[in-house]
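# Inside the fold
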Amino acid sequence: MKSQFLLDKNITFLNHGSFGACSKLIFEEYQRLQLELESEPVYFIQKKSAEYLKIAKERLAKYIGCNANDFFFTPNPTFAINTIMRSLNLEEGDEILTTNHEYGAMDRTWNFYCKKSGAKYIRQNISLPVISKEQILEEFWSGYTSKTKIVFLNQISSCTALIFPIKEICDKARELGLITIIDGAHVPGQMDLNLTELNPDFYTGTLHKWMLAPKGSSFLYVKESFQEMLDPLIVGWGYESLSPGESQFLDYQEYQGTREISAFLCTPKVIDFLEENNWKTKAKQCRQIVFDNYQRFCDLLRTQPICPITEEFLVQMASIPIKTSNPVALKELLFNKYKIEIPVMPLNGSYFLRYSINAYNSQDDLDILYKALQDIIATTDLIEV
C-alpha cells in the first residue's frame, strides 16, 4: 500500500494520527477539482459546487450513519467546536464536565469561552492505567454536580489513544438532561461510526485523518432539536438569505463567502478508495500490529501499558509511557538522526510516545523505531530506564 501514498520514502512515518496521509488517487481527485474551479471560477462556485457538495454529503451521511441535512463540512474540529460554543449562552457557575485526556486546542477553546462567561471547565481525572470501562465511567461521573450543563469529551484521546465509552456517557447524559458534545476527530476511518445509534447532540469528526482525505476536511453533526439555536461562526449570504434553502441551519452554516472546498468535495472518491481497498480488513490488520508491539515497547522503556491491550481501548494508535527530561529534543533526535516521524506527547506531567499504524505501515517500521530507541538509551540520557 505504501506505493499508493505520497509519503517520503526516506521517512519512517508513524504519525498518521496527527494529520493523516492522503493517497495518490484521492489527491489526484483533489487537484482535478481545483483545476475545474480555476477553469471557470464563477460557474464552479455558483453552480457546480452546490451539486458536488450535495453528492459528497449524501455519501458521507451514509458512511457515518445520519441524515445529510444534519451536518455540514468544516475545515477541522476546532472550527466545529468554536461554532458550538458561540451559541451555548453559558452563564456564570455553569459547569462543563470533561476529562483530563482532551486535545489541547479544545481545552484552550473551552477556557477562552469560560473566561468570558464565568462558566467552569471541569477536567475530571481519568487515572492511568485504565483497568476497565467501568472505571472510566465511575471516575468521569464523579465530577457531575447540579451545576453540570454540558458533557464534552473525545471518543479517542489524541494523546493517550484511549477509546472512551461514549455511548454509555451519551445515554446517561440524556437521562440527566445534559448537552453532549463529542470530539470524534480520530474516529471516522478508524472505527465504525453510526451517529443515529450513538445519538449525541453535537459530534465533530475528521476526514483528513483516518479517512485519508486532503487536509482541511471535517464535519459537524448537530441533532435536529439543536439546529435552530446554532448561530453561524461566520455570518455571510446564508443569513436572512434572499433565496433560502430547505434548511436555515444549512443556509447559516454553509454559505460563508468565497472559500476553497475541494477537500470536502473529494468525499465520494475518499469513500470509494476505502471500499475498493477493503479498508476494514486493512484496519483490522493494523490493529493487530499495534497490539502485538505495545508490550514489547513498554518492556524496552520499562514502563507499563496504560490500558488492557484490546479493541475495547485501542484501535490503530498506541501511546507508550516514556520517561524523558527533554521530550522536544527526543522527538527532534528521532526525526533528524533516525528519520522517524513520531510524536512525544505531553499530558498531565507525563509523556507518551505515540505510534500510529495505517495500511502503508509494516512491522519493519516498528522494528526501525525499536532499534532507534535502543540506540538512544545506550548513547544518550534522553530516556530514563
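All values derive from a computational prediction rather than experimental measurement. (Residues numbered from 1 in each chain as written. Predicted model: local features only at pLDDT ≥ 70, side-chain atom pairs only at ≥ 80, totals over all residues. Heavy atoms only, no water.)

### Side note on the nonpolar core
- Counting 104 residues, the largest nonpolar core has W141, L195, Y203, F219, L334, Y355 and L369 as its most contacted members.
- With 10 residues, the single largest contributor to this core is helix 12 (residues 279-301).
- Sequence-distant contacts of L369, that is, excluding residues within four places in its chain, are made with L14, F297, L334, I340, I342 and L353.
- Among the nonpolar cores identified, the runner-up in size contains 24 residues, and L90, Y113, I150 and F202 belong to it. (Core = buried A, V, L, I, M, F, W, Y, C linked by side-chain atoms within 4.5 Å. Buried < 20%, exposed > 50% of the residue type's maximum accessible area, 1.4 Å probe, protein only. Helix = DSSP H or I, 4+ residues; strand = E, 2+ residues; numbered from the N terminus. Contact = heavy atoms within 4.5 Å.)

### A word on the packing of helix 2 (residues 24-39) against helix 11 (residues 267-276)
- One way to put it is that helix 2 packs onto helix 11 with a least axis distance of 9 Å and a crossing angle of 165 degrees. By the angle class used here, helix 2 and helix 11 are roughly antiparallel. Helix-helix and strand crossings are classified by hand; for helix 2 and helix 11 the assignment is right-handed. Each of L25, I26 and E29 in helix 2 lies in contact with helix 11, whose residues at this interface are K269, V270 and F273.
- Per-class residue counts for the contact of helix 2 with helix 11 are four nonpolar, no polar and two charged. (Axes fitted to C-alpha atoms, helices over the stretch in contact; angles between N-to-C directions. Parallel < 35°, antiparallel > 145°, perpendicular 65-115°, else oblique. Left-handed = near helix turned anticlockwise from the far one by under 90°. Nonpolar A, V, L, I, M, F, W, Y, C, P; charged D, E, K, R; others polar.)

### So, the sheet that holds strand 12 (residues 350-356)
- Overall, antiparallel pairing links the three strands, which are arranged 9-12-11 in an open sheet. A single partner strand is all that each edge strand has here, and the edge strands are strand 9 (317-321) and strand 11 (344-347). Going from strand to strand, the sheet's axes swing by 35 degrees on average, the running direction of each strand aside. (Pairing = 2+ DSSP bridges.)

### Details of the pairing of strand 2 (residues 71-74)
- By the alternation rule, side chains of strand 2 split into F71 and F73 and F72 and T74, which are all buried.
- Where strand 2 lies against strand 8 (residues 218-222), four bridges are found, and the strand directions are antiparallel. Paired with T74 across the bridge in strand 8 is S218.

### Quick notes on the side chain of N82
- Mapped onto the elements, N82 comes out in helix 4 (residues 77-86).
- Classification of N82 as buried rests on a relative accessible area of 19%.
- Beyond its immediate stretch of four places on either side in the chain, N82 contacts T109, Y113 and L233.

### Focus: the packing of aromatic side chains
- Within this structure, the stated rule accounts for 19 aromatic pairs.
- Geometrically, the ring pair formed by F13 and Y360 is tilted, given 6.3 Å between the ring centres and 55 degrees between the ring planes. Of the two residues, F13 is situated in strand 1 (residues 12-13) and Y360 in the loop between strand 12 and helix 14 (363-379); the sequence distance between them amounts to 347 residues. We note that F13, like Y360, is buried.
- Centroid distance F27 to Y30: 5.7 Å. Interplanar angle 55 degrees. Geometry classified as tilted. With a gap of three residues between them, F27 and Y30 both fall in helix 2, about one helical turn apart.
- Classification of F27 as partly exposed rests on a relative accessible area of 29%.
- Exposure remark for Y30: the relative accessible area of 16% places this residue in the buried category. (Phe/Tyr/Trp six-rings, centres within 6.5 Å; stacked < 30°, edge-to-face > 60°.)

### Thoughts on unusual backbone geometry
- Cis peptide bonds are those with omega within 30 degrees of zero, and the linkage from L128 to P129 qualifies with 0 degrees.
- Along the chain, the position of P129 falls in the loop between strand 4 (120-124) and helix 6 (133-141).
- Notably, L212 is not glycine yet its phi reads approximately 75 degrees, a positive angle.
- Tracing the backbone shows L212 in the loop between strand 7 (202-206) and strand 8.

### Examining the side chain of T83
- Looking at the element boundaries, T83 is found in helix 4.
- With relative accessibility at 0%, the residue T83 sits in the buried group.
- Among residues more than four places away in sequence, those in contact with T83 are F72, L220, L230, D231, L233 and Q253.

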